[in-house]
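Coordinates in review
Residues per chain, in single letters:
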Amino acid sequence: MPSNKFTTEPQLANRYISEIADFWLTGEFAHFNGVDNARINYATFIHNEANNLSNSNSDKKCLVISSGRTEGYLKYKELSFDLFNLGFNVFLIDHRGQGLSERALENPHKGYVESFQHYVDDLAIFIDRIVKPHCITANQVYKPYLLAHSMGGAIAARYLQDYPDSIQAAVLSSPMLGFISGGIPDVIAELLIKSTAQINQWFGNTPWYFFGQKDYAQMDFVDNPLTHSELRFQQFSQLYQETPAIQLGGITVKWLTESLTALETIFANIDKIITPTLVTQSGDEKIVSNQAQDDFCQQLHQSQPQSCPNGKPISIKGASHELFFERDIYRQQALTAAVEWLEQH
């Protein structure tokens, strides 16, 4: 796939305030009621077939984006623009507790979820009610594709287990399948987390931040663990500064314990993921565990040989965690692998 299919850094500054801005005005921005009537915001970009020159079959190319922790659809303008221009109808969900979706706690900066399953069930409602009606032609119903990043990758994996026949093909980008414990043995780290959670239940009236976590604070580009692209970093940093409603701080103990439970479920039921699934991995990863991604791919490939070719993730050497916001040399590799995988299926 030619690299000019995707926006490049030299193009981005001008394109962002012209073509991408115009594209964004064509979207539909709304919300639905998720689990426990939580407001879940979303965005959709649907091709008008009468004016669509990019792909005559775009009516069947529905692509759901499940973003990472702290993210929301406002951050994904460039990616949505690029994928839309490849013929995809694009559907983005702001997971509960982040983006523009409803926050559960009095302090909106705390990363919290009552149950990780709520993320999964919200995604199921979104796909059933919002996405699938756009994947129908006069003669056939087409399954949507799923593109997921980081925490959104864990949500996607759980969704694929609970709804094994709903997605045509999936790509998990730097998925959150395990955590980096900073040199502390995993057994000790998990014991510390569970003990802290129990103490929080006994003595806390509200969920506590985990150790070292705090409210949103602007990060400097130097030594940031997310991307090597200063331009893309500054763009989404400015977005968060200008839109306080989407700011999110660190994780709570409750979020962490719920996530650990979800990861245990993913690995315990890996054979239930029958959707063709690709994992793209950041070579210079500092947020999530690459070893967990390797283990996931090895086990998934054994169970479903059509997934994780050769039993391994596609590793983007040198890339940081946010592959879709990286320098062109990394971003284009990741997007090419993802789009080619989806188009093969």
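Quick note: structure is the one above.
Residues numbered from 1 in each chain as written. Predicted model: local features only at pLDDT ≥ 70, side-chain atom pairs only at ≥ 80, totals over all residues. Heavy atoms only, no water.

**Regarding a nonpolar patch on the surface**
On the surface, a nonpolar cluster with roughly 480 Å² of combined accessible area is contributed by Ile199, Trp202, Phe203 and Trp208. Looking at the secondary structure, you find Trp202 in helix α6 (residues 186–203). (Patch = residues over 30% accessible without salt bridge, like charges linked within 9 Å, V, L, I, M, F, W, Y side chains within 5 Å. Areas by Shrake-Rupley, 256 points an atom, 1.4 Å probe, with all protein chains shown as cover. Salt bridge = Lys/Arg side-chain N within 4 Å of Asp/Glu carboxyl O. Helix = DSSP H or I, 4+ residues; strand = E, 2+ residues; numbered from the N terminus.)

**Notes on the pairing of strand β5 (residues 145–149)**
Burial of β5 is extensive: five of the five residues sit out of reach of the surface. Of the two faces of β5, the one lined by Tyr145, Leu147 and His149 and the one lined by Leu146 and Ala148 are each fully buried. Strand direction decides the pairing type here: strand β3 (residues 62–66) and β5, joined by four bridges, are parallel. Bridge assignment links Ile65 to a residue of β5, and that residue is Leu147. Pairing analysis gives four bridges linking β5 to strand β6 (residues 170–173), with the strands arranged parallel. Paired with Ala148 across the strands is Leu172, a residue of β6. This β-α-β element, β5 to helix α5 (residues 151–162) to β6, shows right-handed connectivity. (Buried < 20%, exposed > 50% of the residue type's maximum accessible area, 1.4 Å probe, protein only. Pairing = 2+ DSSP bridges. Right-handed = clockwise from strand over helix to strand, strands pointing away.)

**Brief notes about the state of the cysteines**
Following the criterion strictly, the structure yields two disulfides and no others. One disulfide in the model links Cys62 with Cys135; its S-S distance is 2.4 Å. Residues Cys62 and Cys135 share a disulfide whose torsion about the S-S bond is about -135°; that sign makes it left-handed. Here the residue Cys62 occupies a position in strand β3, and Cys135 occupies one in the loop between α4 (116–131) and β5, the gap between them amounting to 73 residues. In this structure, Cys62 and Cys135 share a single accessibility class: buried. Each disulfide pairs two cysteine sulfurs, and for Cys297 the partner residue is Cys308, the sulfurs being separated by 2.2 Å. In this structure, the disulfide formed by Cys297 and Cys308 twists by about -60° around the S-S bond and is classed as left-handed. In this pair, Cys297 is assigned in helix α9 (residues 290–303) and Cys308 in the loop between α9 and β8 (314–316), connecting sequence segments 11 residues apart. Accessibility expressed as a relative area gives 0% for Cys297, which makes it buried. Judged by relative accessible area, Cys308 falls into the buried class, the value being 0%. (Disulfide = S-S within 2.5 Å.)

**Observations concerning unusual backbone geometry**
A positive phi angle, near 65°, is found at Asn37, a position not held by glycine. Tracing the backbone through its elements, the reader meets Asn37 in the loop between β1 (28–33) and β2 (39–45). Classification of Asn37 as exposed rests on a relative accessible area of 60%.

**Some thoughts on the packing of α4 against α5**
The contact between α4 and α5 brings their axes to 9 Å, and the two run at 70°. Taken together, α4 and α5 sit at an angle that is classed as roughly perpendicular. Only Met151, Ala154, Ile155, Arg158, Tyr159 and Asp162 of α5 make contact with α4, whose side of the interface consists of Phe116, Gln117, Tyr119, Val120, Leu123, Ala124 and Ile127. Residue composition of the contact of α4 with α5, grouped by class: 10 nonpolar, one polar and two charged. (Axes fitted to C-alpha atoms, helices over the stretch in contact; angles between N-to-C directions. Parallel < 35°, antiparallel > 145°, perpendicular 65-115°, else oblique. Contact = heavy atoms within 4.5 Å. Nonpolar A, V, L, I, M, F, W, Y, C, P; charged D, E, K, R; others polar.)

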